[in-house]
Amino acid sequence: MHLHAAVHGHCYLAWQSLLVFGRDKGEPVTSRPVVSLLQEKYRLYVLPATRKPDDALYPIELRRCSVKDGNNKFRYSYLSPHPEVVTASKLKEIGILPDNLRQNIATWLRNRHLGAAL
């Protein structure tokens with residue numbers, strides 16, 4: 001997957017059953033926020049988010065997601081560096097991240113994947 005200058009950057013709410021990330025929890029959540037990395041027709045490559053801090057994850061203030069309805073219940077979160085593919089129609093769009101944050105996420109992913117390859 002080729003990473004562009006910035007990620008797609010839309011914020012969605014995804015049913016946990018659509019994702020691999022988070023399935024290993026004792027009590028899985030019913031849904032979790034995800035950020036779109038890339039859109040291809042009806043599919044989205046998304047980065048799932050969690051509230052559990054981890055140095056391998058990207059810390060993100062999901063309040064920075066411009067929300068359509070003005071109600072943003074998401075706070076501080078951490079994005080997984082492992083994209084998952086989901087059907088766009090199965091997600092609930094909640095907003096979009098500002099350009100600078102989308103670029104920062106793309107840079108983090110490039111650096112992370114390039115570093116792993118060296």
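That block above? That's the structure.
Residues numbered from 1 in each chain as written. Predicted model: local features only at pLDDT ≥ 70, side-chain atom pairs only at ≥ 80, totals over all residues. Heavy atoms only, no water.

Draft legend 1. Quick peek at the overall build of the protein. Tallying secondary structure elements over the protein gives one helix and eight strands in all. Here the protein, with 118 residues, has 42% of them falling under the buried criterion. A separation of at least 24 residues holds for 68% of the contacts in the protein among residues at least 6 apart in sequence. Accessible surface for the protein amounts to roughly 7200 Å². Of this, 51% is attributable to carbon and sulfur atoms. (Helix = DSSP H or I, 4+ residues; strand = E, 2+ residues; numbered from the N terminus. Buried < 20%, exposed > 50% of the residue type's maximum accessible area, 1.4 Å probe, protein only. Contact = heavy atoms within 4.5 Å. Areas by Shrake-Rupley, 256 points an atom, 1.4 Å probe, with all protein chains shown as cover.)

Draft legend 2. A look at the environment of Y45. With respect to the helices and strands, Y45 occurs in strand 3 (residues 43-50). Taking C-alpha positions, Y45 is 9.9 Å from V7, a pair spaced 38 residues apart along the chain.

Draft legend 3. Highlighting the pairing of strand 1 (residues 10-15). Most of strand 1 sits inside the fold, with five of its six residues counted as buried. Pairing of strand 1 with strand 8 (residues 92-96), which is carried by four bridges, proceeds in the antiparallel orientation. Across the sheet, residue C11 finds its bridge partner in strand 8, namely G95. (Pairing = 2+ DSSP bridges.)

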